[in-house]
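Letter by letter, the chains look like this.
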Number of protein chains: 2
Amino acid sequence: MLAWVAAAEAALEASGAAIRPYFRTGTLADDKSDESPVTVADRKAEQVLRAALLAAFPDCGIIGEEFPPHRPDQKYTWVIDPIDGTRAFITGRTTFCTLLGLLEYGVPVLGFIDQPITRERFWGGRGVPASFTGGFGGKMGTRQNVTLAGAEFSATAPEMFTPAQMARLDRLKGAAKRVYWGGDAYSYGLLALGQIDVVAECSLKPWDWAALAPVVEAAGGVVTDWQGRKLKLGVTEGDVVATANAALHAEALAALG
Amino acid sequence: MLAWVAAAEAALEASGAAIRPYFRTGTLADDKSDESPVTVADRKAEQVLRAALLAAFPDCGIIGEEFPPHRPDQKYTWVIDPIDGTRAFITGRTTFCTLLGLLEYGVPVLGFIDQPITRERFWGGRGVPASFTGGFGGKMGTRQNVTLAGAEFSATAPEMFTPAQMARLDRLKGAAKRVYWGGDAYSYGLLALGQIDVVAECSLKPWDWAALAPVVEAAGGVVTDWQGRKLKLGVTEGDVVATANAALHAEALAALG
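Residues numbered from 1 in each chain as written. Chains lettered and ligands numbered in written order. Predicted model: local features only at pLDDT ≥ 70, side-chain atom pairs only at ≥ 80, totals over all residues. Heavy atoms only, no water.

A.B. asks: Explain the relation of the copies chain B and chain A here, please?
C.D. replies: Both copies of the chain are tied together by a single rotation about an axis and a shift running along it. In screw terms, the move from chain B to chain A is a rotation of 180 degrees and a rise of 0.0 Å along the axis, fitting with an RMSD of 0.0 Å. The superposition of one copy onto the other is thereby described by a two-fold rotation axis. Considering only C-alpha atoms, the residue of chain B closest to the rotation axis is Gly182 of chain B, which sits at 2.4 Å. (Least-squares fit on C-alpha atoms with pLDDT ≥ 70 in both.)

Here it is, written out as structure tokens:
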């Protein structure tokens, strides 16, 4: 697995360098143009990641947000979201992330959450200890003793939930200690650092969730869909709940109903 | 005004040094304890700011979140929020800010938005050009040509609005191009950088808003309450709307009704 880690880290160095020139460039994204900064940065970063990963592992598959899948039926497939948190990127926030996950037969086994502006990176997976680099402090490890009544809850935006999903979510966040909206994939990194305890979201695509589960689980947390099933390509429908420990996870699933 | 700026910058260097050791320390805030990291950091930072500002200007008044007012009837009064965005601080996010505003007869004339972890600082005021230091890029100046239909809207959390306020806000954010929840006072800095265009919030205290208006206005924006009145101690009731330009502000006030 260490060769995968080394290749992923090298690829993320290159994608970060591709993204940084487009951050806070002043020209906001324009939906009518294919040449907005976020679109250009998205595409360039995914191209860089694909090229680097295929050079290192010619036999792997690749699924990415911006381009068609490349042999996604391979035993090992990389899943790429070059800029997760487009709105954050557009508005100059350092909570967007580059997400890179590795699937084995559709099951995420290695993940990277990379913030190329603050240069923070969270990663971990099967046989790969939870790891974090960055200059703002923090160390990997979820809160093992927190219960739902003491939990910090976070989700990116109310708009990602249908009314039916929001009714279920209301029970969960109503039982938590505090709620913080916003944060994008960066929130899962903060969960791995033991700073927050529950993230529940919907409408996630494979490139949104593939990287997250291995990072959170390597740090001691639990990630499933809202039915309690482990995340897997073709099974996961976009609803994800990540928590700091197994007992808290059971509480969260019970609250979601 | 330059002496005020120099004193404020020196004071913020000291408060940042007081806050940093408590960020992401692993022990989360506990409402039942007066010794949570956020409480300790809050108090220490405000004490440091008060001492530095009173040493530089013995005749000024001081209003702060954590301690009783000190001669708040002075012609010049500093207004301090040592940690604006407590939830952000608790959850390890770099969107909390130290806010420092200077009132002249209750009217904000100079403001600082300081992020001590990323070491970004936005400031400006009467006779003080809009200024920004930080390592992530961006330059001061609001978007002068954006209309509401093209505007990026942001607010910290849906929970800060009453149902009646939310009904008014729904018209505003419904007319904007995109919505981003989260961000705390840092959002006003991003507005000054031309990254977002409208922030509308409620339930703000004087220490929340005093620093924001001078920064945004120095950068070319407009800040009033939801009735269109300039912010002033004793007048402002906690509802604030900040926009990138005067025409957009008129649109925003009309949408708020």
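Now that the structure has been shown, we can carry on.
A.B. asks: What is the right way to look at the packing of helix H4 (residues 163-175) of chain B against helix H8 (residues 246-256) of chain B in this model?
C.D. replies: The description of two helices packed together rests on the angle between their axes and the distance between the axes. Residue and element names in this part refer to chain B. Their axes nearest at 7 Å, the elements H4 and H8 cross at an angle of 140 degrees. Between H4 and H8, the angle falls in the class oblique. Classified by chirality, the crossing of H8 by H4 is right-handed. Packed against H4, whose contacting residues are Arg168, Leu169, Arg171 and Leu172, the element H8 presents Ala252, Ala255 and Leu256 at the interface. Of the residues in the contact of H4 with H8, the class split is five nonpolar, no polar and two charged. (Axes fitted to C-alpha atoms, helices over the stretch in contact; angles between N-to-C directions. Helix = DSSP H or I, 4+ residues; strand = E, 2+ residues; numbered from the N terminus. Parallel < 35°, antiparallel > 145°, perpendicular 65-115°, else oblique. Left-handed = near helix turned anticlockwise from the far one by under 90°. Contact = heavy atoms within 4.5 Å. Nonpolar A, V, L, I, M, F, W, Y, C, P; charged D, E, K, R; others polar.)

A.B. asks: What am I meant to see in the packing of aromatic side chains here?
C.D. replies: Any aromatic ring pair is given by two values, namely how distant the centres are and how the planes are angled relative to each other. Residue and element names in this part refer to chain A. Taken as a whole and judged by the stated rule, the model has 20 aromatic pairs over all chains. For the pair Phe112 and Trp123, a centre-to-centre distance of 6.2 Å together with 15 degrees between the ring planes defines the contact as stacked. One end of the pair, Phe112, is in strand E4 (residues 107-115); the other, Trp123, is in strand E5 (residues 120-125), with 11 residues separating them in the sequence. A residue is classified by how much of its surface remains accessible, and Trp123, at 10% relative accessible area, is buried. (Phe/Tyr/Trp six-rings, centres within 6.5 Å; stacked < 30°, edge-to-face > 60°. Buried < 20%, exposed > 50% of the residue type's maximum accessible area, 1.4 Å probe, protein only.)

A.B. asks: What's the story with helix H4 (residues 163-175) of chain A in this structure? I'm lost.
C.D. replies: Note: α-helices contain 3.6 residues per turn, so residues at a spacing of three or four share the same orientation. Residue and element names in this part refer to chain A. Between the first and last C-alpha of H4 there are 18 Å, a value that for 13 residues agrees with the 18 Å anticipated at 1.5 Å per step. Taking the largest bend as the criterion, H4 deviates by roughly 25 degrees, centred on Leu169. Listing the buried residues of H4 in full gives Met166, Leu169, Leu172 and Lys173. Tucked into the core, H4 has its buried residues touching strand E7 (152-155), strand E8 (178-181), strand E9 (198-201) and helix H8 (246-256). (Expected span 1.5 Å × (residues − 1). Bend = angle between axes of the 7 residues up to and from the residue.)

A.B. asks: Would you mind going over the domain arrangement of chain A with me for this structure?
C.D. replies: Interface size, as often reported, equals the accessible area lost upon joining of the parts. All names here are of chain A. Looking at chain A, the domain boundaries give domain 1 (2-130) and domain 2 (148-256). Computed from C-alpha coordinates alone, the two centres of domain 1 and domain 2 are separated by 21 Å. The partner domain 2 presents 23 residues to the 33 residues of domain 1 that form the contact. Summed over both partners, the interface of domain 1 with domain 2 comes to about 2,000 Å²; 75% of that surface belongs to carbon and sulfur atoms. Looking only at domain 1, the three residues that lose the most surface to domain 2 are Pro108, Ile113 and Phe122, adding up to 26% of its buried area. In this assembly, domain 1 and domain 2 are joined by zero salt bridges. Here domain 1 and domain 2 share four residue pairs in polar contact (both at pLDDT 80 or more) between them. The leading source of residues in the side of domain 1 that touches domain 2 is E4, at eight residues. Partitioning the side of domain 1 that touches domain 2 into residue classes produces 19 nonpolar, 10 polar and four charged. (Domains from an automatic or database assignment. Buried area = accessible area lost by both parts, 1.4 Å probe. Salt bridge = Lys/Arg side-chain N within 4 Å of Asp/Glu carboxyl O. Polar contact = N/O pair within 3.5 Å; in protein donor to acceptor, adjacent residues only side chain to side chain.)

A.B. asks: Just to check I follow, could you spell out helix H1 (residues 2-19) of chain A for this structure?
C.D. replies: Compared with the 26 Å implied by 1.5 Å per residue over 18 residues, the 26 Å span of H1 of chain A between its first and last C-alpha is a close match. For H1 of chain A, every residue scored as buried is listed here: Trp4, Val5, Ala7, Ala8, Ala11, Leu12, Ser15, Gly16, Ala18 and Ile19 of chain A.

A.B. asks: Could you clarify how one ought to interpret the environment of Gly92 of chain A in this entry?
C.D. replies: Locating Gly92 of chain A in the fold gives a position in the loop between helix H3 (86-90) and strand E3 (97-104). Measuring from C-alpha to C-alpha, the distance between Gly92 of chain A and Ala149 of chain A comes to 34 Å, with 57 residues separating the pair along the chain. In contact with Gly92 of chain A, not counting residues within four places along its chain, are Phe23 and Arg24 of chain A together with Leu190 and Gln195 of chain B.

A.B. asks: Can you walk me through the sheet that holds strand E2 (residues 76-84) of chain A in this structure?
C.D. replies: Pairing between the strands of a sheet comes from backbone hydrogen bonds, and it takes one of two forms, parallel or antiparallel. Residue and element names in this part refer to chain A. In space, the six strands of this open sheet follow the order E1-E2-E3-E4-E5-E6, with mixed pairing throughout. Each having just a single partner strand, strand E1 (61-64) and strand E6 (128-133) make up the two edges of the open sheet. Between one strand axis and the next, the sheet turns through 15 degrees on average, direction left out of account. For E1 and E2, the ladder comprises four bridges, and the chain directions are parallel. In the strand pairing of E2, Ile63 is matched with Val79. (Pairing = 2+ DSSP bridges.)

A.B. asks: So what exactly am I meant to see when it comes to the nonpolar core here?
C.D. replies: Ranked by size, the top nonpolar core spans 112 residues in total, and within it Leu172 of chain A together with Leu172 of chain B carry the most contacts. Apart from the residues within four sequence positions on either side, Leu172 of chain A is in contact with Leu148, Phe153, Val198, Ala200, Ala252, Ala255 and Leu256 of chain A. Counting 26 residues, the second-largest nonpolar core is a separate cluster that includes Phe23, Ala41, Ile83 and Ala88 of chain A. (Core = buried A, V, L, I, M, F, W, Y, C linked by side-chain atoms within 4.5 Å.)

A.B. asks: What exactly am I supposed to notice about the pattern of salt bridges here?
C.D. replies: When the charged atoms of two side chains with opposite charge come close together, those side chains can pair. Residue and element names in this part refer to chain A. Under the counting rule described, the total for this entry stands at 22 salt bridges over all chains. Among the salt bridges present, the one from Glu152 reaches Arg178, with a minimum N-O distance of 2.8 Å. Residue Glu152 is found in strand E7, and its partner Arg178 is found in strand E8; the two are separated by 26 residues along the sequence. Each member of the pair, Glu152 as well as Arg178, is classed as buried. Of the charged contacts in the structure, one is a salt bridge between Arg229 and Asp225, with a shortest N-O distance of 2.7 Å. Since its relative accessible area comes to 31%, Arg229 is described here as partly exposed. On the basis of relative accessibility, which here comes to 1%, the residue Asp225 falls in the buried class.

A.B. asks: Any chance you could explain the interface of chain B and chain A here in plain terms?
C.D. replies: Opposite the 47 residues of chain B that make contact, chain A presents 47 residues. Together, the buried faces of chain B and chain A total about 3,600 Å²; carbon and sulfur atoms form 50% of this surface. Its largest share of buried area at the contact with chain A, chain B owes to Arg24, Arg93 and Tyr180 of chain B, together 23% of the area lost on that side. Summed over the shared surface of chain B and chain A, the result is two salt bridges.

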